[in-house]
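# Notes for the structure review
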Amino acid sequence: MPLRYLATLLLLSVTASAEPKAIFYLTPTAGSIRSFLAHAARIDTVIPTFYAADAKGNVTGGPDQRVLDAARKHGVTLMPIVANPGFRQEAVHALLSDAAARARVSKKLLEECRTHQYRGIQLDFEQVPAADRDALTALVRETAALFTPAGLRVSVAVMYRTGDAPSEPGYSRWLHDNWLGAYDLAALAKHAEFLSVMTYDQHTERTPPGPVAGLPWVAEVADYCLRSVPREKLSLGIPLYGRRWRAGVLGNEAVVLAGTMSSVEALGLAAQMKVEPQWDAEERAPWFYFYRDGVREYVFYNDARSFRERHDLARRRQLHSFSAWVLGQEDPEIWKDLPEAVRTK
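Residues numbered from 1 in each chain as written. Predicted model: local features only at pLDDT ≥ 70, side-chain atom pairs only at ≥ 80, totals over all residues. Heavy atoms only, no water.

Describing an aromatic ring pair means giving the distance of the ring centres and the angle of the ring planes. One pass over the structure, following the stated rule, counts 18 aromatic pairs. Between the aromatic rings of Tyr-298 and Phe-300, the centroid separation amounts to 6.5 Å while the plane-to-plane angle is 15°, which identifies the pairing as stacked. Among the aromatic residues, ring-to-ring pairing joins Trp-245, Trp-287, Tyr-289, Tyr-291, Tyr-298 and Phe-300 into one connected group. Seen from the ring of Trp-279, Arg-305 lies directly overhead, with NZ or CZ sitting 3.9 Å from the centre. (Phe/Tyr/Trp six-rings, centres within 6.5 Å; stacked < 30°, edge-to-face > 60°. Lys NZ or Arg CZ within 6 Å of the ring centre and 35° of its normal.)

What follows deals with helix H6 (residues 133-147). In this model, H6 (15 residues) spans 21 Å end to end at C-alpha, consistent with the 21 Å of a helix rising 1.5 Å per residue. Turning to H6, its buried residues are Ala-135, Leu-136, Thr-137, Ala-138, Leu-139, Val-140, Thr-143, Ala-144 and Phe-147. Packing partners of the buried residues in H6 comprise helix H4 (89-97), helix H5 (99-116), strand S7 (120-124), strand S8 (153-159) and helix H8 (185-191). (Helix = DSSP H or I, 4+ residues; strand = E, 2+ residues; numbered from the N terminus. Expected span 1.5 Å × (residues − 1). Buried < 20%, exposed > 50% of the residue type's maximum accessible area, 1.4 Å probe, protein only. Contact = heavy atoms within 4.5 Å.)

So, on to the sheet that holds strand S6 (residues 81-83). The sheet built from 11 strands is open, its strands ordered S4-S3-S6-S7-S8-S9-S10-S16-S1-S2-S5 with mixed pairing. One side of each edge strand has no neighbouring strand; the edge strands of this open sheet are strand S4 (59-61) and strand S5 (77-78). Relative to strand S16 (residues 321-325), strand S1 (residues 21-26) runs parallel, the two sharing four bridges. Of the residues in S16, the one forming a bridge with Ala-22 is Phe-322. (Pairing = 2+ DSSP bridges.)

So, on to unusual backbone geometry. For residues besides glycine, phi is generally negative; the peptide bonds are generally trans as well. The omega torsion of the bond from Tyr-200 to Asp-201 falls at -5°, within 30 degrees of zero and hence cis. By the element assignment, Asp-201 lies in the loop between strand S9 (194-198) and helix H9 (215-225). That bond from Trp-325 to Val-326 is cis: its omega, 5°, falls within 30 degrees of zero. Structurally, Val-326 is set in the segment after S16. The phi torsion at Gln-127 lies on the positive side, around 55°, for a residue other than glycine. The topology assignment puts Gln-127 in the loop between S7 and H6.

Laid out in structure tokens, this is it:
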């Protein structure tokens, strides 16, 4: 075989191996399922929100047969989520603190994997108190110990971090103690096939308006995680949705609302309000604002261009994959940038 041909094959092999796997989340909405059915050939792993676990370790939920059939037809790996409903802190604390409840969760998930031929399960427990860090690690370790002999895998959705625990009181400390601090990245990575870091939401109703995930911030999160997690075990979260900041009322109180919207909805709103979206050259994301009843409203969203740049970041860092939330809210143009998934026999 000519050396030039061998070199070309080697280059193609390296390029293929450097491509991060495409992981997409799926919810039981019509739009999310419709998007999966249309684009399954370009998805390596789908993570449907099939299951929930309560404070006593009881697991509820089950698969959508349309999703199972499409995944099998196209060779898409199935790894459903189990989450704590509503991310209620008291309930997840009770679950994690009870060894019998943790075992109940693991055993039931093993049964579901065997019944429906899943690759494994993603554990997605949020608003976990930082004080329950070791208990959360115990759940992952115990589940992996049960799954591994059965040829199954565990992945974990983890909250973003850009640094260690802040020493001063304030918003950052509150965020750490109630949302971010419960994930022992190094310990979790030992037991998980990969960690999906939720690099979203950078800005919420608790903050001033801003991008869902500005690229400099995303890179900072990824680099912090890579201090503890091998790159072949890190999946970069990519938000496909946007947010609209506006004044509203909840009960009898005036509040700032940051509602979720798809890229298509964002562009429709821009057209309705007769404004031209702008590109933020620093945050690498589109946005616009307009006035309603004399009050300025902001919309920050994600399109194919912002998706491409975050996808490229995962490629440059040579990460395991990207984990995109959520099917049905994406800019349809993103599919032009994604190759068909490479299936292994």
